[in-house]
Amino acid sequence: MRKQPILQVKNLKTYFHTDSGTVKAADDVSFDVYPEETLGIVGESGCGKSITCMSIMQLVETPPGKYEGGEILFDGIDIMKASKRQIMDIRGNQISMIFQEPMTSLNPVFRVADQIAEAIMVHQNVNKKDAEEQAVDMLRKVGIPNPERVARDFPFALSGGMRQRVMIAMALACKPKILIADEPTTALDVTIQAQVLQLMNDLKDDYQTSVIFITHDLGVIAEMSDRVMVMYAGKIVELADVEELFTTPKHPYTIGLMKSKPDMSTTGDRLTVIQGNVPNLNRLPSGCAFHPRCPYVMDICKEETPDLRDISATRKAACWKVFQEKEVSYE
Amino acid sequence: MSDTTKQDALLRVDNLVKHFPIRGGLFKQVKAHVRAVDHVSFEIERGKVLGIVGESGCGKTTLGRTMLRLTPPTDGKVYFKDIDVFAQNKEEMHKLRTKMQIIFQDPYSSLNPRLPVSEIIGEALMQHKLVENKTEMMDRVMDIIEKCGLFPEQAFRYPHQFSGGQRQRICIARALVLNPEFVVCDETVSALDVSIQSQIINLLKEMQEELGLTYLFISHDLSVIRFISDQVGVMYLGEIVEYGDKKQIFDTPRHPYTEALLSAAPSFDFEKIRTHKRIILAGDIPSPVNPPSGCRFHTRCPYAQPLCAEEVPEDTVVEPGHRVRCHIASGKITVNR
């Protein structure tokens, strides 16, 4: 039996109204996050994975962005309707986020300890001295050598891997229930990435935090996640348990994505490709947004947009072909 | 290096060194050097792909740029066929450039935004006087555009009207229109989305087979290197620490750094995820300004012994065509793996 979800996103719609049309960055996105699980979100640039998570944090700039509808339920509160105060209490405290570029998300003119201590002081009733002690403690937990000294350093003195550790320390300082990690290792080298991923897994177990892990890297998502959701052009196209998704992908986009990435065991002369380009979000194709690139396209795909349906107890997909196959298998 | 000397080497790199001076102080004296490329030697056979893999700051980009003389070398030689690239005068070099091309990582900053695609691609043809007039130029441009998977009508558009993948196609067309023999691909697919990346990799392979090209393919992505290369060189802090056939490097790596790199690469092969014990290297990549003494990898090497900090390991040929720079491979130290 699955536990109660800790976070429920229902029919989230985050649009951007621009001069060249409405960009539906997150369009009717629904998913749950369960306690202590890692939910991976994978997709190519512009698929809406970051906007979905920024919406959870209410970090989308409005305007040009606009929350057009949906609910985000966390701890009995609908974040979409919550007051500024309530959001401040959640953001950085109960749900926190780490970003891709650790240099631009750290303030260059404050010392590392001050930045972590600030987060602690905002959310907990402690004085500066205690907060700084906690900050040093956090730096030690994220595996920074000589944390007392690093605490007094400015961000520029740290390497990319160290900066990302500082970001993780800051995000976990208030023991959040959910940690959103937006491409946390994309800017890092492979050997450093391996260190940071291991650290995140260890800390997640220690803190019993749920993690929403966003990346475009299929290898990283496979190793980090319990469940994975695949996004394309603002919509979820498939959501399943990680092993199920990678061993038997159902949506043609998921299948194409996995085939087109050379893995360490890929052989042969050519890579399988998904034809065409990622569509422009303000000029989306009719029906299923993937249909111009889909090798299995049918008439219905061009006219009607498939909704995300349960395919099995552990899998959802949005594809007419998958729906058909499911009906066939019932008969 | 003598073990792989063959007659048909298109490119021979001999002890190439590139140091960047760091200046500072009152009279801008040279205070130190960034040792970006340090005594690198290899050969690339005609029609083959040499993959260079390594992490940021290991010198792989500098290696590619120095080989093409886009930046002056500190020491060493590069031979293209039998031509000593660094000994050419300006005019000879200009001629040679048509034979040696480069494709960069970022398709957004490497195309002139003020020129239409036809000009971007045709400019070099005119510059090198490979065509008589504009009509001939357009013929060549249209020909290569189509080969690279773009439509003829797109030739008159400007770079901002294209997506990242299409721009990279333009960059490839620009390099190939001169009929080069050798192309440096510097992280050519790294900035692209997965589904576009595979299209570009296939295009590069097709072009290589059709035109008989030789590539130096620089990437940090092991799976891409494994897919496209014939030979692979692994770089760490300016040195090639292991060099060999693709199979040798990926199936039987001998250098602890190669081992760790392969092990750290994330994979979505579940068989592997379940059984695989990951080697996680401690610490950060040291600065190439003051590389560690002895073996440059010893500060992070799980097998390091006192000797490694003192003595620089020599290239050891462990199999024909497979050389490793490590005291374990040379038998100077023994460890239990």
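The structure under discussion appears in the preceding block.
Residues numbered from 1 in each chain as written. Chains lettered and ligands numbered in written order. Predicted model: local features only at pLDDT ≥ 70, side-chain atom pairs only at ≥ 80, totals over all residues.

## Structural notes on the packing of helix α3 (residues 112-123) of chain A against helix α4 (residues 128-141) of chain A
Residue and element names in this part refer to chain A.
Step number 1: At a minimum axis distance of 8 Å, the contact between α3 and α4 shows a crossing angle of 115°. You can see that α3 and α4 cross each other, and the crossing is right-handed. The residues of α4 that touch α3, namely those facing Ala-113, Ile-116, Ala-117, Ile-120 and Met-121, are Lys-128, Ala-131, Glu-132, Gln-134, Ala-135, Val-136 and Met-138.
Step number 2: Its residues assigned to classes, the contact of α3 with α4 comprises 9 nonpolar, 1 polar and 2 charged. (Axes fitted to C-alpha atoms, helices over the stretch in contact; angles between N-to-C directions. Helix = DSSP H or I, 4+ residues; strand = E, 2+ residues; numbered from the N terminus. Left-handed = near helix turned anticlockwise from the far one by under 90°. Contact = placed C-beta atoms within 7 Å. Nonpolar A, V, L, I, M, F, W, Y, C, P; charged D, E, K, R; others polar.)

## Brief notes about the interface of chain B and chain A
Step number 1: Every contact between the two is made by 33 residues of chain B and, on the other side, 37 residues of chain A.
Step number 2: Of all the elements in the fold, those that place two or more residues in the side of chain B that touches chain A are α6 (194-211), α7 (222-228), α9 (256-264) and α10 (270-275) of chain B.
Step number 3: Here the element with the most residues in the side of chain B that touches chain A is α6 of chain B; it accounts for 8 residues.
Step number 4: Across the side of chain B that touches chain A, the residue classes break down as 16 nonpolar, 10 polar and 7 charged.

## With respect to the sheet that holds strand β9 (residues 231-236) of chain B
Residue and element names in this part refer to chain B.
Step number 1: Strand order across the open sheet formed by 8 strands is β6-β7-β8-β3-β9-β10-β12-β11, with mixed pairing between neighbours. Unpaired on one side and paired on the other, β6 (100-103) and β11 (315-319) mark the two borders of the sheet. On average, each strand axis in the sheet is inclined to that of its neighbour by 20°, with strand direction left out of account.
Step number 2: Relative to strand β8 (residues 214-219), strand β7 (residues 182-186) is paired through 5 bridges, and the arrangement is parallel. Paired with Cys-185 across the strands is Phe-217, a residue of β8.
Step number 3: Where helix α5 (residues 164-176) meets the sheet, its contacts fall on β6 and β7, and the angle it forms with β6 comes to roughly 175°. (Pairing = 2+ DSSP bridges.)

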